[in-house]
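Results of the structural survey
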Amino acid sequence: MGKELTAKGKATRRRIVEGAAEVLREQGVGSVTLEDVMARTGTSKSQLFHYFPDGKDELLLAVARFEAEQVLEDQQPYLGRLDSWEDWRRWRDVVITRYEAQGDTCPLGSLFLQVGRSTPGARAIVVELMRQWQESLAAGIRAVRASGGPGTDVDIVDVDARAAALLAAIQGGVSILLSTGRSDHLRAALDQGIADLHRDLEPAGAATPR
């Protein structure tokens, strides 16, 4: 939108996006109409187009951005404070719980299929999501590396590469879960990635987190 929204306007727009997200999760992207969103959020057509002048596609992109934010929000507070192996274990549990609850449907993926993953707006949302996620993982790796005691060979760990590999492993596990409904591969990817980090960042003889 060209004009800056007031605090009330931002709250209204947010309410519309959150309501639309609920409807899309319940009914699926392909079958939802603007009328469905208007009914759920108690907004008129003129009000809806005031906040989303380009109509449904613009609204879907806004919902996709909201869903991307939720991916990271659902991993908190642990994703933002991976300072100990216990925090890594708790983060791992939160990630698995989130995707098991989601099952074989992916609201974010469905939205991108509808608006076109390669469109500039959709691609920017994916890029930003992955950037923030990877940076949070890298910050966590640096935190546990900094806390390593004597005997820790910290120089062998390329933090950014490890964070990228862990994120790629998670995405692979999630893709298999979406195809099969099973979380085994996601669990294995997280467990192996964390175990490898622990092996390389902890002094010899330290117990591997479970």
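Our subject is the structure listed above.
What comes next is a walk through the structure. (Residues numbered from 1 in each chain as written. Predicted model: local features only at pLDDT ≥ 70, side-chain atom pairs only at ≥ 80, totals over all residues. Heavy atoms only, no water.)

A closer look at the overall build of the protein
The condition that has to hold: A helix here means a DSSP run of H or I that spans at least four residues, while a strand means a run of E at least two residues long, and both kinds are numbered starting from the N terminus. Residue contacts are counted whenever heavy atoms from the two residues lie within 4.5 Å of one another. Computed with a 1.4 Å probe, the accessible areas rest on the Shrake-Rupley method; for each residue, only the protein chains presented here act as cover.
Each helix and strand counted, the protein has nine helices and zero strands in total. Sequence-distant contacts in the protein: of pairs separated by 6 or more residues, those separated by 24 or more amount to 68%. Counting only carbon and sulfur atoms, one obtains 51% of the accessible surface of the protein, whose full area is about 11,100 Å².

Examining the packing of aromatic side chains
Applicable threshold: Note on ring pairs: Phe, Tyr and Trp rings are taken, using the six-membered ring of Trp, and paired if centres are within 6.5 Å. Classes follow the plane angle, with under 30 degrees stacked, over 60 edge-to-face and the rest tilted. Each residue is assigned to one of three classes by its accessible area relative to the maximum for its type, calculated with a 1.4 Å probe on protein chains only: buried under 20%, partly exposed between the two thresholds, exposed over 50%. Distance and angle both matter: a charge sits over a ring if NZ of Lys or CZ of Arg is within 6 Å of the ring centre and within 35 degrees of the ring normal.
Taken as a whole and assessed by the stated rule, the structure comprises two aromatic pairs. Taking the centre distance of 6.3 Å and the plane angle of 40 degrees together, the rings of Trp85 and Trp88 count as tilted. With Trp85 and Trp88 both in helix α5 (residues 85-102), this residue pair falls three residues apart, about one helical turn. An identical accessibility class is assigned to Trp85 and Trp88; each is buried. Overall, the relative accessible area of 0% leaves Trp88 in the buried class. An aromatic cluster of at least three residues, connected via ring pairs, comprises Trp85, Trp88 and Trp91. Positioned above the aromatic ring of Tyr99 is the side chain of Arg98, whose terminal nitrogen or guanidinium carbon lies 4.9 Å from the ring centre.

Digging into the packing of helix α1 (residues 7-27) against helix α2 (residues 34-41)
Applicable threshold: Only the stretch in contact is used when a helix axis is fitted, and all axes are lines through C-alpha atoms; the angle between N-to-C directions ranges over 0 to 180 degrees. Working definition: roughly parallel below 35 degrees, roughly antiparallel above 145 degrees, roughly perpendicular at 65 to 115 degrees, and oblique for all remaining angles. For a crossing to be left-handed, the near helix must be turned anticlockwise from the far one by less than a right angle; the clockwise case is right-handed.
Contact geometry of α1 with α2 gives a least axis separation of 9 Å together with a crossing angle of 120 degrees. When the interaxial angle is binned, α1 and α2 end up oblique. Between α1 and α2 lies a crossing of right-handed hand. Contacts between α1 and α2 involve Arg15, Ile16, Gly19, Ala20, Glu22, Val23, Glu26 and Gln27 from the first element and Asp36, Val37, Arg40 and Thr41 from the second.

Some details on the nonpolar core
Quick note on the threshold: In this description, a nonpolar core means a group of buried Ala, Val, Leu, Ile, Met, Phe, Trp, Tyr and Cys residues linked to one another through side-chain atoms lying within 4.5 Å.
If you look at the biggest cluster of nonpolar residues, it comprises 59 residues, and the most contacted ones within it are Trp88, Trp91, Trp133 and Leu137. The dominant element in this core, judged by the number of residues it contributes, is helix α4 (residues 56-73), at nine residues.

Here's the deal with α1
Condition: How far a helix is expected to stretch is found by multiplying one less than its residue total by 1.5 Å.
The terminal C-alpha atoms of α1 lie 30 Å apart, and with 21 residues this matches the ideal 30 Å at 1.5 Å per residue to within 8%. Among the residues of α1, those classed as buried are Gly9, Thr12, Ile16, Val17, Gly19, Ala20, Ala21, Val23 and Leu24. Elements in contact with the buried residues of α1: α2, α3 (45-51), α4 and α6 (107-115).

Re the pattern of salt bridges
As a reminder, the rule being used: Salt bridge, as applied in this entry: a Lys or Arg side-chain nitrogen positioned within 4 Å of an Asp or Glu carboxyl oxygen.
Evaluation of the coordinates by the stated rule reveals 20 salt bridges. In this structure, Glu18 and Arg14 form a salt bridge, with 2.8 Å as the shortest nitrogen-oxygen distance. Here Glu18 pairs with Arg14, and both are found in helix α1, just four residues apart, close to one helical turn. A relative accessible area of 31% places Glu18 in the partly exposed class. One network of salt bridges, in which partners are shared, links Glu86, Arg89, Arg90, Arg92, Asp93 and Asp191.

Overview of unusual backbone geometry
Most peptide bonds adopt trans geometry, and most residues besides glycine take a negative phi value. Across the junction of Gln76 and Pro77, the peptide omega takes the value 5 degrees, indicating a cis bond. Here Pro77 is to be found in the loop between α4 and α5.

Everything listed is a geometric property; what it means functionally is a separate question.
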